Amino acid sequence: MRQGIERNEFVVHYQPIYRTKDSSITGLEALVRWNHPVRGLTGPDVFIPLAEDTRLILPIGDYVLRTACEQLRLWQQSSSSASLRVAVNFSVRQFQQPELVDEIRETLSRSRLDPRCLEIEITESIALRNADSALRMLHDLRSLGVRISLDDFGTGQSSLVYLSQFPIDSVKIDRTFVRDICSDSRDAAIVSSVISLAHQLDLNVVAEGVESEEQRRMLEGWGCNEMQGYLFSRPLSARNMSELFEQKSPGK
């Protein structure tokens with residue numbers, strides 16, 4: 001893995017996030033892949049746990065943040081996508097860095113990306129490690145102007161507490177709940193209730209893992225703001241994402 005970092009074998013792919021009401025692309029989630037010389041393109045489930053254990057998640061995470069910000073800025077300059085945002089996932093170890101806020105500030109400055117176009121995604125497990133410390137960090141990040149998203153919502157232990165106490169802008173409903181909303185009344189009740197509660201708290205709601213038209217219709221009926229998943233697009237390389245933007249540009 002160290003050699004992979006040195007050889008620039010890690011790449012960033014982007015999964016578009018679509019606005020429910022008009023199917024326009026409103027954002028992108030940056031997802032790291034390892035272009036392994038033997039195994040080929042490898043997903044994060046294979047290498048992220050090891051990266052966490054060895055602290056290599058720190059240089060990998062820095063690379064993803066820097067690349068995502070620079071790439072989004074290029075897309076904004078070359079198309080009518082000035083309002084697009086990019087979401088970057090942060091691990092527990094990354095989030096524990098005392099210099100994290102300064103590093104993000106410097107990355108935004110170098111890329112000349114509007115802070116409002118960067119969304120920091122954290123999971124509930126990060127907040128559970130040290131709620132007081134996490135709360136201070138989130139307020140510091142918000143002071144930069146970036147957006148905060150609570151990822152994998154519903155899989156933690158105290159979701160409702162965090163919704164009311166943490167300075168977040170969006171919640172992302174985990175794919176494990178979205179997967180069975182058409183066949184499991186309990187999952188349907190959970191998802192519809194989360195959407196309703198989030199709206200009462202003036203939060204944006206993104207549904208992950210949308211794979212069927214039936215799921216899309218149900219989520220739209222409940223008022224889900226945005227969706228992402230294989231129904232719309234798999235994660236794409238920067239080149240393929242550029243082609244998708246070109247296809248969706250006016251006059252195409």
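Residues numbered from 1 in each chain as written. Predicted model: local features only at pLDDT ≥ 70, side-chain atom pairs only at ≥ 80, totals over all residues. Heavy atoms only, no water.

A.B. asks: What is the right way to look at the overall build of the chain in this model?
C.D. replies: A tally of helices and strands in the chain yields 12 helices and nine strands. Computed over the C-alpha atoms, the radius of gyration of the chain is 18 Å, within 12% of the 18 Å expected from 2.2 N^0.38 for a compact globule of 252 residues. Along the longest, intermediate and shortest principal axes, the C-alpha atoms of the chain span 50 × 50 × 35 Å. Per-residue burial for the chain yields a buried fraction of 49% across its 252 residues. Counted over contacts in the chain with a minimum sequence separation of 6, partners at least 24 positions apart contribute 65%. (Helix = DSSP H or I, 4+ residues; strand = E, 2+ residues; numbered from the N terminus. Rg over C-alpha atoms; globule rule 2.2 N^0.38 Å. Buried < 20%, exposed > 50% of the residue type's maximum accessible area, 1.4 Å probe, protein only. Contact = heavy atoms within 4.5 Å.)

A.B. asks: Please clarify how the pairing of strand β5 (residues 118–123) should be interpreted in this entry.
C.D. replies: Both faces of the sheet carry side chains from a regular strand, because those side chains alternate between them. Taken across its six residues, β5 has six buried, putting it largely inside the fold. Going residue by residue along β5, you find Leu 118, Ile 120 and Ile 122 tucked away on one face and Glu 119, Glu 121 and Thr 123 tucked away on the opposite face as well. Direction of pairing for strand β4 (residues 85–89) relative to β5: parallel, over a ladder of four bridges. Within β5, the residue paired with Val 86 across the bridge is Leu 118. (Pairing = 2+ DSSP bridges.)

A.B. asks: Any chance you could explain the confidence of the model for the chain here in plain terms?
C.D. replies: For any part of a model where pLDDT is low, the fine detail of the predicted coordinates should not be relied upon. Summarising the model, the chain shows a mean pLDDT of 90, and 93% of its residues fall at 70 or more. Least confident of the elements in the chain is helix α8 (residues 159–165), whose mean pLDDT is 69; most confident is strand β9 (residues 226–227), at 98. (pLDDT = per-residue confidence, 0-100.)

A.B. asks: Got a minute to help me understand the side chain of Asn 204 in this structure?
C.D. replies: Note that Asn 204 resides in strand β8 (residues 204–207). At 3.4 Å, the side chain of Asn 204 and the side chain of Ser 170 are in polar contact. (Polar contact = N/O pair within 3.5 Å; in protein donor to acceptor, adjacent residues only side chain to side chain.)

A.B. asks: Is there a simple way to explain helix α11 (residues 213–222) in this structure?
C.D. replies: It helps to recall that an α-helix has 3.6 residues per turn; residues three or four apart then point in one direction. Among the residues of α11, those classed as buried are Gln 215, Arg 216 and Leu 219. Viewed end-on, α11 has its buried residues packed into an arc of 100°, placing them on one side of the element. For α11, the secondary structure elements touched by its buried residues are α9 (175–178), α10 (185–200), β8 and β9. A positive phi of about 90° marks Gly 223, the residue just after α11. (Arc of directions from axis to C-beta.)

A.B. asks: What exactly am I supposed to notice about unusual backbone geometry here?
C.D. replies: Trans peptide bonds make up the majority, and among non-glycine residues the majority have a negative phi. Of note in this structure, Asn 8 is not a glycine but carries a positive phi near 60°. Within the secondary structure, Asn 8 is located in the loop between α1 (2–6) and β1 (10–19). Positive phi, close to 70°, is recorded for Arg 55, a residue that is not glycine. Within the secondary structure, Arg 55 sits in the loop between α2 (44–54) and α3 (57–78). Exposure remark for Arg 55: the relative accessible area of 46% places this residue in the partly exposed category.

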